[in-house]
Amino acid sequence: MASESSPLLAYRLLGEEGAAFPPNGGGGSGAASARKLSTFLGVVVPTVLSMFSIVVFLRIGFVVGHAGLLQALAMLLVAYIILALTVLSVCAIATNGAVRGGGAYFMISRTLGPEVGGSIGLMFYLANVCGCAVSLLGLVESVLDVFGADVTGSSGIRVLPQGYGWNLLYGSLLLGLVGGVCTLGAGLYARASFLTFLLVSGSLASVLISFVAVGPRDIQLAPRPGTNGSSVPPRYGHFTGFNGSTLKDNLGAGYAEDYTTGAMMTFASVFAVLFNGCTGIMAGANMSGELKDPSRAIPLGTIIAVAYTFFIYILLFFLSSFTCDRTLLQEDYGFFRGISLWPPLVLIGIYATALSASMSSLIGASRILHALAQDDLFGVILAPARVVSGGGNPWGAVLYSWGLVQLVLLAGKLNTLAAVVTVFYLVAYAAVDLSCLSLEWASAPNFRPTFSLFSWHTCLLGVASCLLMMFLISPGAAGGSLLLMGLLSALLTARGGPSSWGYVSQALLFHQVRKYLLRLDVRKEHVKFWRPQLLLLVGNPRGALPLLRLANQLKKGGLYVLGHVTLGDLDSLPSDPVQPQYGAWLSLVDRAQVKAFVDLTLSPSVRQGAQHLLRISGLGGMKPNTLVLGFYDDAPPQDHFLTDPAFSEPAEGAREGGSPALSTLFPPPRAPGSPRALSPQDYVATVADALKMNKNVVLARACGALPPERLSRGSGSSAQLHHVDVWPLNLLRPRGGPGYVDVCGLFLLQMATILSMVPAWHSARLRIFLCLGPREAPGAAEGRLRALLSQLRIRAEVQEVVWGEGAETGEPEEEEGDFVNGGRGDEEAEALARSANGLVRAQQGRGTGGGPGGPEGRDGAEGPTTALTFLYLPRPPADPARYPRYLALLEILSRDLGPALLVHGVTPVTCTDL
């Protein structure tokens, strides 16, 4: 026998997974007329043939001889538990909807997405291709051990020449036969499979009858490979018939050297051989497109096939242990021929299972490849596999697979490769279990399989057991397969794939996010875990890109929402104009590479829309606590889409794949002098509204002057000598005292510190300016501030400046809503604002001329320059009539300072405790 002198079958000789017929619904009338197969012909027959393989004829003695009956039964039980767990997942997914061509690939890709599904589908395809080649080589060796010219032993008909070239020729001829059957269509394969099933069943029946009908006999053993048969005395194994002593001797393990390879056997190596011989559980699921009632046939037929093969294996284990001594079991893996009433019938069974396995693997591989080609995951390289015949048979994929099998046949022996093949199958099984587990954990309402004998526990056990089995069979192959899967997934992710299949990852994220949002209790918030949660109101993103990116840096892992108000009244509109805009805004977020959500609303005014967004944006404990607005001035808006590389039209067209460019989805910037959607009165009112709602406010001015490297994710190494200046005192209220320690001043320090923690701002030095009153001694306040900074773990340079000289500090303060003290008139207040502006500019190292174009100094002689300035934002006045004056003073205060953030904080954000 070939198996008696061939290398150990540490791999699956038979192909896997039966045939997958043309995709359901994929081929016109052919697809509709293909639903003819019953549960028996469509599921039971292909699954049994895929699970039996020639291992059932050639490795029963190997398993029992080395492991003993008890350990062999334990191995079989463990192997079938692993298979049964995956069967439950297969049945659940298969009964939750139509499984079309591709079998496991279709299930995984439509559940986990094209990246994971495509990578595992390709691995599954390669496994079937190599499995077909291994089956053909096993068949060739089995034939040559009987008919080969170089066969040893007393039996054999020495007529066929042997050698590498001859073996390749025989394998190629058999492959031509198998390929011809598959090319002619799945109908011919189904009839051939039924005939093969009858032959295999008859052969197994003859073996079972022989155990009872044949009397005790001695069976001569073939010489071990590498020995001279003529000089070695003949050795014999004994068939004792049913004998209690034989059973007792075969109960325990007796691991020895494998006589075909000389390798010492262990529990793991024997278990690997057994497991490789009883897989193939997805053959029925792959035929769902041809079944009359797939939701009933797949669970019922698969379970029947698994139970039937399990019973046959147990029966053969018991019969072998009762009747054959350990020498015969260990030294003659093909002893079925020696005890058979009619030995040629055993040969017919071996040849039939091998031929059926090769056809099953080839037709299954072609259906997987055809499904991959139809999904266009790998581009033009698989284009030939889309060709189908008039009847729906993908003969292009069959020829493609035939060519690859022919290449694999050139390798000859496939011991090393076959271990990888088996691991590939286990990766696919683990992925199916993972798919079912994901669907169950996601609790999606549309996951309603009619097969209910599963749970997330069985799915999780299936994933774990498949992974464990992979590393038990071949640690190297298991690691390599997972690495290959990762590389293929990365390739498909970079290439991009269809998004209309649905991703279970999104359902899982929704499920988990909802659960944890419910657990995020706002009553348990603590100041030491505070983080900014920003709502940035954007009118037109064309002019707000720098601010959009700067806000992304300020969020420090917190919530970041882009808000936009569309003016209108729903009562006068036929439909909501906001919903169609979400796609453009989400594309903007992707292109700008910011981690933000999008919230749009419809309102008669921007102020009311801002109130809506401040109230309802976010969920539970994740709601905005800070409103960010661009500054209201007369500067003409710039179109940053024209200068930002991420929004250039060539890159955009390439990435959008023919969809409308972003530049067409947002209107051009407002022309200078054209009316604005927001009046100065409403702008200040919006700030006042946010403060009334206990929200912090940040007004950003001249952010377009920030250099691109400051808004990127890089290290910002080009700005080694730049500063971030913080003025934590209200410069429009010049007075002495510890005003820098109020809530708003500490909020400024916190925001500036957060920005300095961003990689692009690491190189910028933080400077805090301490304003002294005219009667305050230098050094005292600085010492207090340094002590506070030490407690807050803030590294910054402190500078004292005199501010408020000549101010009437004894005058009573106005109410909290005012922004200047002592009731100063407009001219005096403006003079104060201009003086404060000059003070800030003098400390920036920029001179007092016109505003700089950006944080970069225009001449290096002036030394370090300021990249960004944080200013204390006074509260708006209580009287709305004074809003325009308030805005005018803010404009004077921040004029020509370059990029600046005017900040007002209303919530405590710093903590000195651990």
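Being a predicted model, the structure only gives us computed values, none of them experimental. (Residues numbered from 1 in each chain as written. Predicted model: local features only at pLDDT ≥ 70, side-chain atom pairs only at ≥ 80, totals over all residues. Heavy atoms only, no water.)

Moving on: the overall build of the protein chain. Check the secondary structure of the protein chain and you find 30 helices and 12 strands. Contacts in the protein chain between residues far apart in sequence, at least 24 positions, make up 82% of those at least 6 positions apart. (Helix = DSSP H or I, 4+ residues; strand = E, 2+ residues; numbered from the N terminus. Contact = heavy atoms within 4.5 Å.)

Turning next to the pattern of salt bridges. Overall, the coordinates contain 10 salt bridges when judged by the stated rule. For Glu891, the salt bridge goes to Arg701, with nearest N and O atoms at 2.9 Å. Of the two residues, Glu891 is situated in helix H30 (residues 883-893) and Arg701 in strand E7 (residues 696-701); the sequence distance between them amounts to 190 residues. Both residues of the pair, Glu891 and Arg701, belong to the buried class. Notably, a salt bridge pairs Arg765 with Glu797, separated by 3.2 Å at the nearest N-O pair. Note that Arg765 is positioned in strand E9 (residues 765-772) and Glu797 in strand E10 (residues 797-802), a separation of 32 residues in sequence. Three or more residues are tied together by salt bridges with common partners; here these are Asp633, Arg701, Glu891 and Arg895. (Salt bridge = Lys/Arg side-chain N within 4 Å of Asp/Glu carboxyl O. Buried < 20%, exposed > 50% of the residue type's maximum accessible area, 1.4 Å probe, protein only.)

On to the sheet that holds strand E5 (residues 597-603). Taken together, 10 strands build an open sheet; the order of strands is E5-E4-E3-E6-E7-E12-E11-E8-E9-E10 and the sheet is mixed. Here the strands that pair on one side only, and so sit at the sheet edges, are E5 and E10. For this sheet, the mean angle separating the axes of adjacent strands, direction not counted, is 25°. In this fold helix H26 (residues 680-692) packs onto strand E6 (626-630), E7 and strand E12 (900-904), with an angle of close to 170° to the strand it touches most, E6. (Pairing = 2+ DSSP bridges. Axes fitted to C-alpha atoms, helices over the stretch in contact; angles between N-to-C directions.)

Residues Arg514, Lys515, Arg519 and Lys524 make up a contiguous surface patch of positive charge. What makes Lys515 partly exposed here is its relative accessible area of 32%. (Patch = residues over 30% accessible without salt bridge, like charges linked within 9 Å, V, L, I, M, F, W, Y side chains within 5 Å. Areas by Shrake-Rupley, 256 points an atom, 1.4 Å probe, with all protein chains shown as cover. Lys, Arg positive; Asp, Glu negative; His and termini not counted. Charge placed at Lys NZ, Arg CZ, Asp CG, Glu CD.)

Attention now moves to a nonpolar patch on the surface. A contiguous nonpolar patch, built from Leu195, Leu199, Ile209, Leu341, Trp342 and Ile348 and spanning about 580 Å² of accessible area, is present on the exposed surface. Here the element with the most residues in the nonpolar patch is helix H9 (residues 186-213); it accounts for three residues. The residue Leu341 is located in the loop between helix H14 (335-339) and helix H15 (343-375) in this model.

Attention now moves to unusual backbone geometry. Despite not being glycine, Asn694 shows a phi value in the positive range, around 60°. One can find Asn694 in the loop between H26 and E7. Looking at Asn694, the relative accessible area reads 45%, which means it is partly exposed. In this structure, Asp896 is a non-glycine residue whose phi angle is positive, near 60°. Looking at the secondary structure, you find Asp896 in the loop between H30 and E12. The class of Asp896 is partly exposed, set by a relative accessible area of 34%.

Attention shifts here to the confidence of the model for the protein chain. Mean pLDDT over the protein chain works out to 80, with 82% of the residues at or above the 70 mark. Ignoring residues within four places in sequence, the model shows residues 650-659, a span with pLDDT below 50, making 11 contacts including any to other chains. Scored below 50 in pLDDT, residues 806-818 makes 31 contacts in the model with residues more than four places away or belonging to other chains. (pLDDT = per-residue confidence, 0-100.)

This part is about the packing of aromatic side chains. Here the structure, examined in full by the defined rule, presents 24 aromatic pairs. Measuring from ring centre to ring centre gives 5.0 Å for Tyr80 and Phe310, while their planes differ by 55°; the resulting arrangement is tilted. Taken as a pair, Tyr80 in helix H5 (residues 60-94) and Phe310 in helix H12 (residues 294-323) lie far apart in primary sequence, 230 residues in all. By relative accessible area, which is 25% here, Phe310 ends up partly exposed. Here the aromatic residues Phe52, Tyr80, Tyr308, Phe310, Tyr313 and Phe317 are joined through ring pairs into a cluster of three or more. Between the NZ or CZ atom of Arg676 and the centre of the ring of Tyr632, over which it lies, the distance is 3.9 Å. (Phe/Tyr/Trp six-rings, centres within 6.5 Å; stacked < 30°, edge-to-face > 60°. Lys NZ or Arg CZ within 6 Å of the ring centre and 35° of its normal.)

Phe57, Phe211, Leu316, Phe317, Phe336 and Val405 are the most contacted members of the largest nonpolar core, which totals 149 residues. Take this core: its biggest share by element is 20 residues, from H5. Each residue touching Leu316, except ones within four places of it in the same chain, is listed here: Val56, Ile60, Leu204, Val207, Leu208, Phe211 and Phe336. Membership of the second largest hydrophobic core comes to 67 residues, among which are Ala700, Ile768, Val798 and Val909. (Core = buried A, V, L, I, M, F, W, Y, C linked by side-chain atoms within 4.5 Å.)

Attention now goes to the environment of Gly241. Along the chain, Gly241 turns up in the loop between strand E2 (235-239) and helix H10 (244-251). The exposure class of Gly241 is buried, given its relative accessible area of 8%. A sequence separation of 26 residues divides Gly241 from Gly215, and the C-alpha atoms of the two residues are 6.0 Å apart. With sequence-adjacent residues up to four places away left out, Gly241 is seen in contact with Pro216, Phe322 and Thr323.

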